[in-house]
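The lines below spell out each chain.
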Amino acid sequence: MPSSEGEVLLSRHPSRFWQWRERELAAWASLSKPKKGKKRLALFGGVHVDAEMLPVLEQFRAIHVQTEFSCAGVSLADEPEEHSLYAYITVMDSEPARRLVAYLMNSMRHRLLVTYEPERGRYDLSSWMIGHNRSFCYLLEQYTKRFRIENDKRS
């Protein structure tokens with residue numbers, strides 16, 4: 001199972017899932033990737049973000065979870081050929097973030113890959129499935145809404 005220095009893998013996926021993902025990545029890398037359209041941007045807190053991520057970023061802000069980076073395909077500097085590998089969002093560590101991450105890991109299970117960088121105090125939440133950016137963004141938004149509703153009921 002992959003691991004980078006200074007990064008802790010929090011998601012638990014069986015080794016057969018990792019093998020499947022490696023095959024999927026190899027297949028994806030060899031496919032042609034025609035440009036489907038220009039990346040859509042939106043302003044979020046004065047910063048341009050991928051428009052696909054805007055609804056979930058707004059949900060995170062509403063529950064006081066600070067984000068640092070977000071992407072539903074590529075950064076502004078990336079080439080369009082690299083457009084659909086996976087979607088991700090970086091979340092700064094806090095008590096609300098820890099609760100949300102635990103909830104998302106339990107709810108999204110095999111659709112979510114979570115790593116934690118202790119030195120930087122941040123979580124990376126990414127799509128486990130390659131090329132499922134829109135559905136990942138939508139699921140992340142929907143589960144975060146459910147998390148908000150459940151937390152509001154407890155308050």
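Our subject is the structure that appears above.
In short, a report on the structure. These figures come from a predicted structure and were not determined experimentally.

**As for the overall build of the chain**
Part 1 of the reasoning: Along the backbone of the chain there are four helices and seven strands.
Part 2 of the reasoning: If you list the helices and strands of the chain from N to C, you get β-α-β-β-α-β-β-α-β-β-α.
Part 3 of the reasoning: Per-residue burial over the chain gives 41% buried out of 155 residues.
Part 4 of the reasoning: Considering only intrachain contacts with a sequence separation of at least 6, the fraction spanning at least 24 residues in the chain is 64%.
Part 5 of the reasoning: Of the accessible surface of the chain, which amounts to about 9,400 Å², a share of 51% is contributed by carbon and sulfur atoms.

**Some details on the nonpolar core**
Part 1 of the reasoning: If you look at the biggest cluster of nonpolar residues, it comprises 30 residues, and the most contacted ones within it are F60, I89, V91, L104, L125 and L140.
Part 2 of the reasoning: Breaking this core down by element, the ones donating at least two residues are β2 (41–44), α2 (54–62), β5 (88–92), α3 (95–108), β6 (112–117), β7 (122–127) and α4 (133–154).
Part 3 of the reasoning: By residue number, the principal contributor to this core is α3, which donates six residues.
Part 4 of the reasoning: Aside from chain neighbours lying at most four places away, what touches L104 is F60, R109, L112, L125, L140, Y143 and T144.
Part 5 of the reasoning: By size, the runner-up hydrophobic cluster in this structure holds five residues, among which are W18, L113, W128 and M129.

**Some details on unusual backbone geometry**
Only a minority of non-glycine residues have a phi that is not negative, and only a minority of peptide bonds are not trans.
Part 1 of the reasoning: Its identity is not glycine, yet H64 carries a phi of approximately 65 degrees, on the positive side.
Part 2 of the reasoning: With respect to the helices and strands, the residue H64 is situated in the loop between α2 and β4 (67–71).
Part 3 of the reasoning: Phi at R109 takes a positive value of approximately 40 degrees, unusual for a residue other than glycine.
Part 4 of the reasoning: Looking at the element boundaries, R109 is found in the loop between α3 and β6.

**Observations concerning the sheet that holds β5**
Part 1 of the reasoning: The strand order across the open sheet built from five strands is β1-β6-β7-β5-β4, with neighbouring strands paired in antiparallel fashion. At either margin of the open sheet sits one strand with a lone partner, and together these are β1 (8–9) and β4.
Part 2 of the reasoning: Pairing of β5 with β7, which is carried by five bridges, proceeds in the antiparallel orientation. Opposite I89, over in β7, you have L125 as the bridge partner.

**As for the packing of aromatic side chains**
In this description, an aromatic ring pair is defined by two values, namely the gap between the centres and the angle between the planes.
Part 1 of the reasoning: Applying the stated criterion across every chain yields a total of three aromatic pairs.
Part 2 of the reasoning: Judged by centre distance (5.4 Å) and plane angle (55 degrees), the rings of Y103 and F147 are tilted. Note that Y103 is positioned in helix α3 and F147 in helix α4, a separation of 44 residues in sequence. Across the pair, exposure class does not vary: Y103 and F147 are buried alike.
Part 3 of the reasoning: Judged by centre distance (4.6 Å) and plane angle (45 degrees), the ring pair of Y116 and Y123 falls under tilted.
Part 4 of the reasoning: When its relative accessible area of 16% is taken as the criterion, Y116 is described as buried.
Part 5 of the reasoning: For Y123, a relative accessible area of 7% corresponds to the buried category.
Part 6 of the reasoning: Across from the ring centre of W128, 4.7 Å away, lies the NZ or CZ of R21, which sits over that ring.

How each quantity is defined
- Residues numbered from 1 in each chain as written.
- Predicted model: local features only at pLDDT ≥ 70, side-chain atom pairs only at ≥ 80, totals over all residues.
- Heavy atoms only, no water.
- Helix = DSSP H or I, 4+ residues; strand = E, 2+ residues; numbered from the N terminus.
- Buried < 20%, exposed > 50% of the residue type's maximum accessible area, 1.4 Å probe, protein only.
- Contact = heavy atoms within 4.5 Å.
- Areas by Shrake-Rupley, 256 points an atom, 1.4 Å probe, with all protein chains shown as cover.
- Core = buried A, V, L, I, M, F, W, Y, C linked by side-chain atoms within 4.5 Å.
- Pairing = 2+ DSSP bridges.
- Phe/Tyr/Trp six-rings, centres within 6.5 Å; stacked < 30°, edge-to-face > 60°.
- Lys NZ or Arg CZ within 6 Å of the ring centre and 35° of its normal.

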